[in-house]
Amino acid sequence: MPLSFRSKSHGNIAFGFFNIESDMLLLEKYFFFADDFCRRVIEMAKEDDSGIKRFEHPVYYIADPNDIGDLMGAIHGIRFTGFIGKLYTLFPFPEDPEAFKQNPDGFKTREIVRSHIEPFSAIKDISIEIYKDCQAKIGSYLFDKIVFHELIRYVWQGGYPRWKDEVRPEYVRQMKDCIQKSNNSFFKGVFSS
């Protein structure tokens, strides 16, 4: 389930997993797979902390909220609109609340997910940047260091409702390992608590 995070540029914005059978993330109108996010974080963590570090990344972009769909309506099985509605017709919300856990094998549904997002979206190249002054930017969304760390921890935890059986995909484990070994001051404290 996406959660609200405070950006410096747009106020509160939604970020997170939105279907337990997919490892796709949304950031407002940007959609991308969790392993892409983890790879970009790994690349940033391997860099030194001098100046701006910029990485280009293609995402699916859905401009029209109607084309994104109604997440709560789809979860409750009453309104299946847009891309999210289409995905929930394929992978409905579980009847048993105990089964509401993020599937660590969600990457196996990527081809299905891609085939359903493409009619609703356009590919947009965005930049992911970290700044020496403790800020990070994903596309047009600017975050302070603390909130960007929260985004990383959200992916590590499997969002809400967390990873099924606390089993994480390899790319998520690699991200944490790289952050913990990083000499880049921007990543200090991500997993300290």
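Use the structure listed above.
Here's what I pulled together on the structure shown here. Predicted model, so just to flag it, every value in this text is computed and none were measured.

### Description of the packing of aromatic side chains
Link 1 in the chain: Applying the stated criterion to the full structure yields 18 aromatic pairs.
Link 2 in the chain: Ring centres 6.0 Å apart and planes at 85 degrees place the aromatic pair Phe5 and Tyr154 in the edge-to-face group. Taken together, the residues Phe5 in strand β1 (residues 3-7) and Tyr154 in helix α6 (residues 145-157) connect sequence positions 149 residues apart. Side by side, Phe5 and Tyr154 carry an identical accessibility label, which is buried.
Link 3 in the chain: Taking 5.2 Å as the distance between ring centres and 75 degrees as the angle between the ring planes, the aromatic pair formed by Phe186 and Phe187 counts as edge-to-face.
Link 4 in the chain: By the ring-pair criterion, three or more aromatic residues cluster together here, those being Phe5, Phe15, Phe17, Phe32, Phe37, Phe148, Tyr154, Trp163, Phe186 and Phe187.
Link 5 in the chain: Over the ring of Tyr61 we find Lys124, and its NZ or CZ is 4.3 Å from the ring centre.

### Details of unusual backbone geometry
Link 1 in the chain: Not every positive phi belongs to a glycine, and Glu28 is a case in point at roughly 55 degrees.
Link 2 in the chain: Relative to the assigned elements, Glu28 resides in the loop between β3 (24-27) and β4 (30-33).
Link 3 in the chain: Here Glu166, not a glycine, exhibits a phi torsion of approximately 60 degrees, which is positive.
Link 4 in the chain: We classify Glu166 as partly exposed; its relative accessible area is 39%.

Procedures and definitions
- Residues numbered from 1 in each chain as written.
- Predicted model: local features only at pLDDT ≥ 70, side-chain atom pairs only at ≥ 80, totals over all residues.
- Heavy atoms only, no water.
- Phe/Tyr/Trp six-rings, centres within 6.5 Å; stacked < 30°, edge-to-face > 60°.
- Helix = DSSP H or I, 4+ residues; strand = E, 2+ residues; numbered from the N terminus.
- Buried < 20%, exposed > 50% of the residue type's maximum accessible area, 1.4 Å probe, protein only.
- Lys NZ or Arg CZ within 6 Å of the ring centre and 35° of its normal.

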